[in-house]
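Descriptive analysis of the structure
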Number of protein chains: 2
Amino acid sequence: MNIPASVEVIEVGMRDGLQMEYQFIDTGTKVELINGLMAAGVRHIEATSFVSPRAVPQLADAAEVLAGAHRPAGSRFAVLAPNLKGVERAIAAKADEIVVFLSCSESHNEKNLNRSIDRSLEDISAIAQRVKDVDIIKKGAIACAFGCPFEGDIDLDTLMRIAGNFHALGFRALTLGDTTGMATPRLVTRTVLALRDAFPEMKLTLHFHNTRGIGLVNVVAGLNAGIDSYESSLGGLGGCPFAPGASGNICTEDLVYLLNEMGIQTGIDLGKLIDVASRMESILGRSLPGQVMKAGPRLRLHGYEDAACAMG
Amino acid sequence: MNIPASVEVIEVGMRDGLQMEYQFIDTGTKVELINGLMAAGVRHIEATSFVSPRAVPQLADAAEVLAGAHRPAGSRFAVLAPNLKGVERAIAAKADEIVVFLSCSESHNEKNLNRSIDRSLEDISAIAQRVKDVDIIKKGAIACAFGCPFEGDIDLDTLMRIAGNFHALGFRALTLGDTTGMATPRLVTRTVLALRDAFPEMKLTLHFHNTRGIGLVNVVAGLNAGIDSYESSLGGLGGCPFAPGASGNICTEDLVYLLNEMGIQTGIDLGKLIDVASRMESILGRSLPGQVMKAGPRLRLHGYEDAACAMG
């Protein structure tokens, strides 16, 4: 076992979580949440998406959010950039990192991006060409990396071909997205080992959903394979469009709690993080899936006098 | 790593779950649920508790439930028996196994059982004497085995002393209860190794709660330590009295799903199990925490035409 001593937790709630919220959250509130995350020690965040404002009105204020947020030294503000136009906007808004994505399932890519995988690869090639001389980090993201809700198991060869394409275009960071929660410990191990073998200098990030309750188990599989970068969402914000009522992204506080208890450093203050998650709950006016925000860290003790026990 | 090839999943929802439900569920419905579990392949169940009907009215029909349920060959119907009177009732009702419990935290034991640990150990000694010549399996259960909501970390020496006491009284089965969800992978490994070292012939069962979101991660820690027996609750029924809104027991379907995907045999049909969990939801009239019951197994595919994708 080769468990890393420290792990980078990338907060994606402001993008992957908020994009599913229909009620617009004003820019000042978004900035306040991001600043709270920074104050809690988060240093890598997917802060917004330069997607078409018509497609996702919630993120229409992407440039204003980047301009308004406190961006401490050493922080990395990533943004999703689905096309060349989004990339231009991301550069103009001084994002530190663009995340360029496609799916490794033809049917999911068609549904999500309205084009074939090959066509997406051409688009990504044009994006790589555009940012060649720009001081911005390029990160690739592969959706449905552990399964597709339409096709089931995905072909490892397709995944490797897409990863190879990113690599050939100069990308040295790659996220594997478990878009609908189909990852399992064995798939994680197999996929990570194959990618690391083929592209040892590619920095891998794992993005799990808790749709089937085993998101954090998959993190542990990733840790055992030596992966030190994970994406998660504040409070577990963000659902799964294929499973009404099911969880989406794994929850950042629960992830940080687990890493703390495993003795793995994150640089994040769990108490402050829980405060931001609670603020998110009050903004949205509903309970989020996160567990640690409800129960508290394990040594937050309870008063004896007013406690009630269930028998056993 | 010494992961077992097959695992015993002990269903505790009918006891640990239902005891927190104030609305009485009629005996016929309880029997129907148990029969559904048996039809799904569950063979070891904590079916009810011979606790005082005044303390837990929901389980006042313990004897009728045992008499009414289909008990297939090879099944093991366990019952909680908090005192000598409960043991008498369990014997009369022909339970296969009695579970006798105490807490390894003085303050929790006082709150839950209204007596000291030493006094509980005396009671258990009297129970052991009573069942010495009775054909019934004796199982011990230690609550708060991984932490106490009042005292925080528990003393491993106290846990070992209690386990030694059960051992000396002839108990060869012991459950470690994570009563308020304070277990962590490191505590699981440490505790299991210490107990197995001291009492190699004691069969250990792990009972985790998902109060802080890492219940199934703790199962994996147990599997890595070679433990092949876990307790869980249908749909994740049962909360945590110390954390309103937080989860209680780990969910049986999610556990079985994980074990399936790890290639570990359980003898349980996941589809049939989900049907029983859905029936439990409809009986209770509310959503339960289980995830797989909402999302379905990973290869239950979705129709392409009517699906909507979130961007990315």
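Residues numbered from 1 in each chain as written. Chains lettered and ligands numbered in written order. Predicted model: local features only at pLDDT ≥ 70, side-chain atom pairs only at ≥ 80, totals over all residues. Heavy atoms only, no water.

Within an unreviewed UniProt entry, the label attached to chain A reads Hydroxymethylglutaryl-CoA lyase, and the organism entered is Pollutimonas subterranea. Entered under Sequence similarities (unreviewed entry) in the UniProt record, the comment concerning chain A runs "Belongs to the HMG-CoA lyase family." (UniProt positions renumbered as here; feature names shortened; annotations may be inferred.)

**Section: the side chain of Lys294 of chain B**
You can see Lys294 of chain B is positioned in helix H12 (residues 292-295). Among buried charged residues, Lys294 of chain B stands out as having no salt bridge; its nearest opposite-charge side chain is Glu281 of chain B, 4.6 Å away. Other than its neighbours up to four places away in sequence, Lys294 of chain B contacts Ala243, Pro244, Gly245 and Ala246 of chain A together with Ser287, Leu288, Pro289 and Arg300 of chain B. (Helix = DSSP H or I, 4+ residues; strand = E, 2+ residues; numbered from the N terminus. Buried < 20%, exposed > 50% of the residue type's maximum accessible area, 1.4 Å probe, protein only. Lys, Arg positive; Asp, Glu negative; His and termini not counted. Salt bridge = Lys/Arg side-chain N within 4 Å of Asp/Glu carboxyl O. Contact = heavy atoms within 4.5 Å.)

**Considerations on the packing of helix H2 (residues 27-39) of chain A against helix H11 (residues 270-284) of chain A**
Residue and element names in this part refer to chain A. Taken N-terminus to C-terminus, the directions of H2 and H11 make an angle of 165°; their axes are 8 Å apart at the nearest point. By the angle between their directions, the pair H2 and H11 is classed as roughly antiparallel. In this structure, H2 crosses over H11, and the sense of that crossing is left-handed. Of the residues in H11, those touching H2 at Thr29, Glu32, Leu33, Gly36, Leu37 and Ala39 are Lys272, Leu273, Val276, Arg279, Met280 and Ile283. (Axes fitted to C-alpha atoms, helices over the stretch in contact; angles between N-to-C directions. Parallel < 35°, antiparallel > 145°, perpendicular 65-115°, else oblique. Left-handed = near helix turned anticlockwise from the far one by under 90°.)

**Structural notes on the sheet that holds strand E1 (residues 8-11) of chain B**
Residue and element names in this part refer to chain B. Spatial strand order, E1-E2-E3-E4-E5-E6-E7-E8: eight strands in a closed barrel with parallel pairing. For this sheet the average axis-to-axis angle between neighbouring strands, irrespective of direction, equals 25°. Relative to strand E3 (residues 76-80), strand E2 (residues 44-49) runs parallel, the two sharing five bridges. What sits directly across from Ile45, in E3, is Phe77. Across the sheet, helix H5 (residues 106-113) touches strand E4 (97-103) and strand E5 (137-143), and the angle it forms with E4 is around 125°. Most of the contacts of helix H8 (residues 185-198) go to strand E7 (residues 203-207), to which it runs at about 160°, and overall it touches strand E6 (173-177) and E7. (Pairing = 2+ DSSP bridges.)

**What about the pairing of strand E8 (residues 229-232) of chain A?**
Within a regular strand, the side chains alternate between the two sheet faces. Residues and elements named next belong to chain A. Residues Ser229 and Glu231 of E8 are buried on one face, and the alternating residues Tyr230 and Ser232, pointing to the opposite face, are buried as well. In the sheet, strand E1 (residues 8-11) pairs with E8 via four bridges, with the strands oriented parallel. Bridging across to E8, Glu11 finds its partner in Ser232. Pairing analysis gives two bridges linking strand E7 (residues 203-207) to E8, with the strands arranged parallel. Paired with His207 across the strands is Glu231, a residue of E8.

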